[in-house]
Amino acid sequence: KRPVPEKNSFEHITYRCHNQKFLFNLPRNWDGVVSWTNSLSLFFDVSVFHVLFMSNHLHMLLNTGSGSFSKAMSYTFSGMARYLNFENNKKNQFFGGRYYATEIRNPRHLMNCIRYIYQNPVRAGIVSSVEAYPYSSLPFYLGQGNPGLSVRSDPYTQQLFDQGLKGYDEWI
């Protein structure tokens, strides 16, 4: 049995579609996926820092807050699954099993996790640069507008950005 994240911990969440099928259909379903993602910070004590959606999985970096993290995740992901099944005219299981949570233990781990999240579409050969991928919270951090996601800057990212261009180059 996987451990449940502790309260007020930084966690990297990954969640795959059932059988790794390409089910998100992001150009059409982006607004709905964003709405369900935003429910974490709107209805629960969860801070969302970084988000990236691929066609068959998602990544989130967040703080679990002091409330019931399992209830927050259940509400958000079951609602998202119902929405996407309806929009894609699908039935049955949307996500493949339970989400994976990895606790972020120090600033170096956090930095590596942020890079890993945003480099996912580059490594998959979808885009040639992290800035070119539209289905993430990266535009918020790059000052290119907010793609509708309710994200906050994590403390380490904010510290780097406060350093100006040198911090930005190190971050990206």
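All values derive from a computational prediction rather than experimental measurement. (Residues numbered from 1 in each chain as written. Predicted model: local features only at pLDDT ≥ 70, side-chain atom pairs only at ≥ 80, totals over all residues. Heavy atoms only, no water.)

(A) Layout of the pairing of strand β1 (residues 10-16). With five of seven residues buried, β1 lies mostly within the body of the structure. Note that β1 and strand β3 (residues 57-63) share seven bridges and pair antiparallel. Bridge pairing in β3 places H12 opposite L61. Direction of pairing for β1 relative to strand β4 (residues 100-103): antiparallel, over a ladder of four bridges. Paired with H12 across the bridge in β4 is T102. (Buried < 20%, exposed > 50% of the residue type's maximum accessible area, 1.4 Å probe, protein only. Helix = DSSP H or I, 4+ residues; strand = E, 2+ residues; numbered from the N terminus. Pairing = 2+ DSSP bridges.)

(B) Up close: the sheet that holds β4. Spatial ordering of the open sheet is given by β2-β3-β1-β4, a layout of four strands whose pairing is antiparallel. For this open sheet the edge positions go to β2 (47-53) and β4, each flanked by a neighbour on one side alone. Here the average twist between neighbouring strands, direction ignored, is 20°. Running at roughly 155° to β3, helix α3 (residues 107-123) makes contact with β1, β2, β3 and β4 of the sheet. (Axes fitted to C-alpha atoms, helices over the stretch in contact; angles between N-to-C directions. Contact = heavy atoms within 4.5 Å.)

(C) Examining the nonpolar core more closely. Counting residues in each nonpolar core, the largest one holds 42 residues, and the members touching the most others are I13, L40, F53, M60, F77 and Y118. For this core, the secondary structure elements donating two or more residues are β1, α1 (26-43), β2, β3, α2 (69-87), α3, α4 (138-141) and α5 (155-162). Each residue touching I13, except ones within four places of it in the same chain, is listed here: L58, H59, M60, L62, F69, M73, F77, Y99, Y100 and A101. (Core = buried A, V, L, I, M, F, W, Y, C linked by side-chain atoms within 4.5 Å.)

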